[in-house]
Amino acid sequence: MIIIAGLGNPGAKYEKNRHNIGFMAVDEIASRWRFGPARAKFQSVVSEGEVEGTKVLLMKPQTYMNDSGRAVGEAARFYKIKPSEIIVFHDEIDLAPGRFRMKTGGGAAGQNGVRSLISHIGADFRRARMGIGHPGEPQLVHAHVLGDFHKADKPWLDAMLQACADALPFAVSGDDERYQGEVMRLAPAPKFSPRQAARGE
């Protein structure tokens, strides 16, 4: 069994925020793989299902982004699941919009949900980093991540979410490199620097 957690903030106010792309990925996976009904457990909205024979617990922590680790840690302890069997989908400002990267371990790189997870389960979980771009200046980051996606973002956003769900068997089997490659094959996105683009370079 593995845990797939999407990071975000609960409530209608945050639903379409860039920061909630992790929730969006989990919703797409639940739909694509016909997971069971959503219910409240582990301070989260969870649903259970299978991806090509592997049991998966999908989680959307309801603790708010900055305390995500509390919810995921509770589920991991309950099921005795190791960090290497946990995949976390989250927004990544240092990747261009639509770019996708898998990474295991490392620091939080300013992502408070990831920081919370590290404090609760250690650093060695698998991160599915979903590019949302950088606004160009540090003081603009907060408003950027808590701002809604624009209509113009819909094509690349929908493509990336669908690709993350369609290619999921590779991640579930533990082949993160193949998963990353397949997501980018299904949903190619320009590899420009988010900071340069924000400055119009």
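Computed from a prediction, not measured in an experiment: that's the story for all the values here.

Rules of the game
- Residues numbered from 1 in each chain as written.
- Predicted model: local features only at pLDDT ≥ 70, side-chain atom pairs only at ≥ 80, totals over all residues.
- Heavy atoms only, no water.
- Helix = DSSP H or I, 4+ residues; strand = E, 2+ residues; numbered from the N terminus.
- Expected span 1.5 Å × (residues − 1).
- Contact = heavy atoms within 4.5 Å.
- Buried < 20%, exposed > 50% of the residue type's maximum accessible area, 1.4 Å probe, protein only.
- Pairing = 2+ DSSP bridges.
- Axes fitted to C-alpha atoms, helices over the stretch in contact; angles between N-to-C directions.
- Parallel < 35°, antiparallel > 145°, perpendicular 65-115°, else oblique.
- Left-handed = near helix turned anticlockwise from the far one by under 90°.
- Nonpolar A, V, L, I, M, F, W, Y, C, P; charged D, E, K, R; others polar.

Peer 1: What am I meant to see in helix H2 (residues 68-79) here?
Peer 2: It helps to recall that an α-helix has 3.6 residues per turn; residues three or four apart then point in one direction. Taking 1.5 Å of rise per residue, the 12 residues of H2 would be expected to cover 16 Å, and the 17 Å separating its terminal C-alpha atoms lies within 8% of that figure. Residues of H2 that are buried sit in contact with strand E1 (2-6), strand E3 (44-51), strand E4 (54-61), strand E5 (86-92) and helix H3 (112-121). Downstream of H2 by one or two residues, Lys80 has phi in the positive range, about 55°.

Peer 1: Is there a simple way to explain the pairing of E5 in this structure?
Peer 2: For a regular strand, the rule is simple: side chains alternate between the two faces of the sheet. In terms of burial, E5 is largely enclosed, as 7 of its 7 residues are buried. Relative to E5, E1 is paired through 4 bridges, and the arrangement is parallel. Bridge pairing in E5 places Ile3 opposite Ile86. Across 6 bridges, E5 lies against strand E7 (residues 126-131) in parallel orientation. If you follow Ile87 over to E7, its bridge partner there is Arg126.

Peer 1: Would you explain the environment of Gly11 in this entry?
Peer 2: Inspection of the secondary structure assignment puts Gly11 in the loop between E1 and helix H1 (21-32). Judged by relative accessible area, Gly11 falls into the partly exposed class, the value being 47%.

Peer 1: What is the right way to look at the packing of H2 against H3 in this model?
Peer 2: Working note: a packed helix pair is described by the angle between its axes plus the distance between those axes. For the pair H2 and H3, the least separation of the axes is 7 Å and the interaxial angle reads 40°. By the angle between their directions, the pair H2 and H3 is classed as oblique. Relative to H3, H2 is oriented so that their crossing is right-handed. Residues Ser68, Gly69, Arg70, Val72 and Gly73 of H2 form the contact with H3, whose own contacting residues are Gly113, Ser116, Leu117, His120 and Ile121. Here the residues of the contact of H2 with H3 are counted per class, giving 3 nonpolar, 6 polar and 1 charged.

Purely geometric stuff here, so don't read any function into it on its own.
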